[in-house]
Amino acid sequence: MDETACQRREFLRQLLLSCFSLGGILAGKGTAGPAVSRSAEEYDPRSHSWGMGIAIDKCIGCGRCADACKKENDVPTGPFFFRTWIERYVILEGGEVVVDSPNGGLDGFKLQPQEKTVIRSFFVPKLCNQCDSPPCVQVCPVGATFKTRDGVILVDSKRCIGCRYCLQACPYGARFIDPRSRTAEKCTFCYHRIVKGLVPACVEVCPSQARIFGETKGGASPLARFMRMYKIGVLKPSLNTSPKVYYAGLDMEVR
Amino acid sequence: MDKLAEHLWPILRQVTGFIFPNEIELHWGILVVIYPYLTGLVAGAFILASLVKVFNVKEVQPTYRLSLLTALSYLIVAPLPLLAHIGHPERAFEIFLTPNRSSAMAMFGFVYAWYLMAVLLLEVWFDYRKDVIVWAENERGPKKWLHRLIALFSTTTSEKAVSFDKRAVRIITLVGIPSAFLLHGYVGFIFGSVKANPWWSSVLMPIVFLFSAIVSGIALVLLLYMITTLGRRKEIDMPCLDKLASYLFYAMIVDFSLEALDFIHRIYESEESIGILSQLISGRLFISLIVIQVLLGMVLPLGAIVLVKILKVPAELRKLVYFLSALLVQLGIFTTRWNVVIGGQLFSKSFRGLTVYKMSLGGIEGLLSSLVLLALPLLVLYGLSKLLPPWPETKSKSNS
């Protein structure tokens, strides 16, 4: 077989694959699981229970999720306010751990030369864990932070008094104060999108499908499949917050 | 927003290790340090006052009314730093209207209102009622009417009425002691119940807060008693001062033991967070925790009080030592609040890095407004002492 034939075959294969994936996107049936877009009025929160799966080995640290989140949700710019961010872990010989998240990983990560041999390295996307037992909801003095029936933790910015107790209570550093509204802010799983049958912006843009969004209960959701396929871990399980962001391939160094 | 970013960029450069991006802004600043400091003084001063009424410690009688007014002055100012701190003070009243029953902070409004209305104001009123009536009788003009108003236009000074007043004060004090415990214990609970923060999360926190409150309250009243007595060119009642110093000493011993227990317990258990907490104590908190809080604010005054008690030094020297010790104790308790509130936010919840706290000079969260808030209760106390003189010589004899 000559080289030209080989290249031609490869080209045809790529073309065929592209057609399939394009068809999938047009039909709105990407593996991340967006159903057909519908109006928010039809949405019944009682029939949903949302969660997110993150496959750490698939994350390439491109930062598109953090970027999309900021744009979609009008998150203040600058490296101090994030609804989602990406951390890079580098574990060196001898057990030393180097973690960084320059600008929340939004601009991607530059290669960081290490003096010691790197044992393993990976990226960990972080966001509000939408805990089933949320400490932030427990401490909010006025009930501005609440859990919806579909299990998402939201903040009513018209009620929030900006006391910042929820920021102290969150073990994951997932909250910040929006300097414009002076109220607490956090990931909402892009609630305005999920009520329309769309997936959160970070899931939508992830090029490696490291983020999977779906129902935590019920059989046929992408998340349910994710949880069957992988061994799952959650962040800080000892705090008994029951997170609904599930990590596949979670390393013991991640907190 | 640009101003905030301007404030945060230099902090970002001083972060060591890794902290979560949202942690670069330190969320509870100096105003939240001042708040527990003020409520601690309220509780402490009240508990000192209750020694006279409930435990019949006759020696400290000269400080009874001063303690009550001190507690009232500090309680009036206590919510101000919180109001100044929150993002939407205009919504603060929501805490009363739509409290979240699972929130420790939501109970603030109720504990505060209870303590102000049902304890302090009532006790002050019953204790002063007869005197205020007597003063009003001998006065003219607006002051007469002000005193009549304060007495709520009651005019009875009969034996029966006065004995009722006395009984009322005793009952209110009895209710007041657990209320004072509640007021400051609850502040400790606000911190102690945050399981996300290993520096705060401790069942001992409310009790440590309480005893440090008693320490700070006694020390403050001791200082105020000495300053006001000397200022009025009167003689300091030495048995009273000695007794105050003794109670200060006992409270400090309990407080120090509790803090030491907490410290030893943490080291012995050596949980996941021990590494970062050790870095915190040996680095960013070394001066404020080890040098100021423990050595200057606790060990030195404790040693000084012990020495003057053992050596039986002359009264003049005792006064000086008590005064300086009480000053150091104030500094120590203020740094205790600082080390809890600020210290608990200097390390990342990832336990991988440390940040810094930068206080500005101006602005609501700045040094100047903090100094104003710290001075304000003393101004209120000055005003109250003009209206309701707490000095022993102004009290009518039959009522003592």
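A separate point is the overall build of chain A. Each helix and strand in chain A was counted, giving seven helices and eleven strands. Taking all 255 residues of chain A together, 45% fall into the buried category.

Further remarks concern the sheet that holds strand β3 (residues 97-100) of chain A. Residue and element names in this part refer to chain A. Within the open sheet, the three strands sit side by side as β3-β2-β4. Their pairing is antiparallel. Taken across any chain shown, the strands that pair with only one partner, and hence form the sheet edges, are β3 and β4 (118-127). Here the average twist between neighbouring strands, direction ignored, is 20 degrees. For strand β2 (residues 84-92) and β4, the ladder comprises nine bridges, and the chain directions are antiparallel. Bridge pairing in β4 links Ile-91 to Arg-120. With respect to the sheet, helix α2 (residues 64-73) is in contact with β2 and β4, its orientation differing from that of β2 by roughly 160 degrees.

Turning next to the confidence of the model for chain A. Looking at chain A as a whole, the pLDDT averages 90, with 85% of positions reaching at least 70. A low-confidence stretch, residues 23-32 of chain A stays under pLDDT 50, and its non-local contacts, those more than four residues away or across chains, total 15 contacts.

A few words on the packing of helix α3 (residues 64-77) of chain B against helix α14 (residues 367-387) of chain B. Residues and elements named next belong to chain B. Interhelical geometry of α3 versus α14 gives an angle of 135 degrees and a closest axis separation of 8 Å. The orientation of α3 with respect to α14, classified from their angle, is oblique. Here the hand of the crossing between α3 and α14 comes out right-handed. Taking contact as the criterion, the partners of Leu-69, Thr-70, Leu-72, Ser-73, Tyr-74, Ile-76 and Val-77 in α3 are, on α14, Leu-373, Leu-376, Pro-377, Val-380, Leu-381, Leu-384 and Ser-385. A per-class count over the contact of α3 with α14 returns eleven nonpolar, three polar and no charged.

Attention shifts here to the pairing of strand β9 (residues 211-215) of chain A. Residues and elements named next belong to chain A. Burial of β9 is extensive: four of the five residues sit out of reach of the surface. Relative to β9, strand β1 (residues 50-55) is paired through five bridges, and the arrangement is antiparallel. Paired with Ile-54 across the two strands is Arg-211, which belongs to β9.

In this section: the nonpolar core. Residue and element names in this part refer to chain B. Core analysis: the biggest nonpolar cluster contains 173 residues, and Val-42, Ala-71, Val-215, Ile-218 and Leu-248 have the highest contact counts within it. Broken down by element, the residue count for this core peaks at 18 residues, all from helix α2 (residues 30-53). Apart from the residues within four sequence positions on either side, Leu-248 is in contact with Val-215, Ile-218, Ala-219, Leu-222, Ile-305 and Ala-326.

All names here are of chain B. If you trace the backbone, Leu-26 turns up in the loop between β1 (16-17) and α2. When the 19 C-beta atoms within 10 Å are taken as the criterion, Leu-26 is described as partly exposed. Distance in space between the C-alpha atoms of Leu-26 and Gly-283 is 18 Å, their sequence separation being 257 residues.

What counts as what
Residues numbered from 1 in each chain as written. Chains lettered and ligands numbered in written order. Predicted model: local features only at pLDDT ≥ 70, side-chain atom pairs only at ≥ 80, totals over all residues. Helix = DSSP H or I, 4+ residues; strand = E, 2+ residues; numbered from the N terminus. Buried ≥ 20, exposed ≤ 12 C-beta atoms within 10 Å, placed from the backbone. Pairing = 2+ DSSP bridges. Axes fitted to C-alpha atoms, helices over the stretch in contact; angles between N-to-C directions. Contact = placed C-beta atoms within 7 Å. pLDDT = per-residue confidence, 0-100. Parallel < 35°, antiparallel > 145°, perpendicular 65-115°, else oblique. Left-handed = near helix turned anticlockwise from the far one by under 90°. Nonpolar A, V, L, I, M, F, W, Y, C, P; charged D, E, K, R; others polar. Core = buried A, V, L, I, M, F, W, Y, C linked by C-beta atoms within 7 Å.

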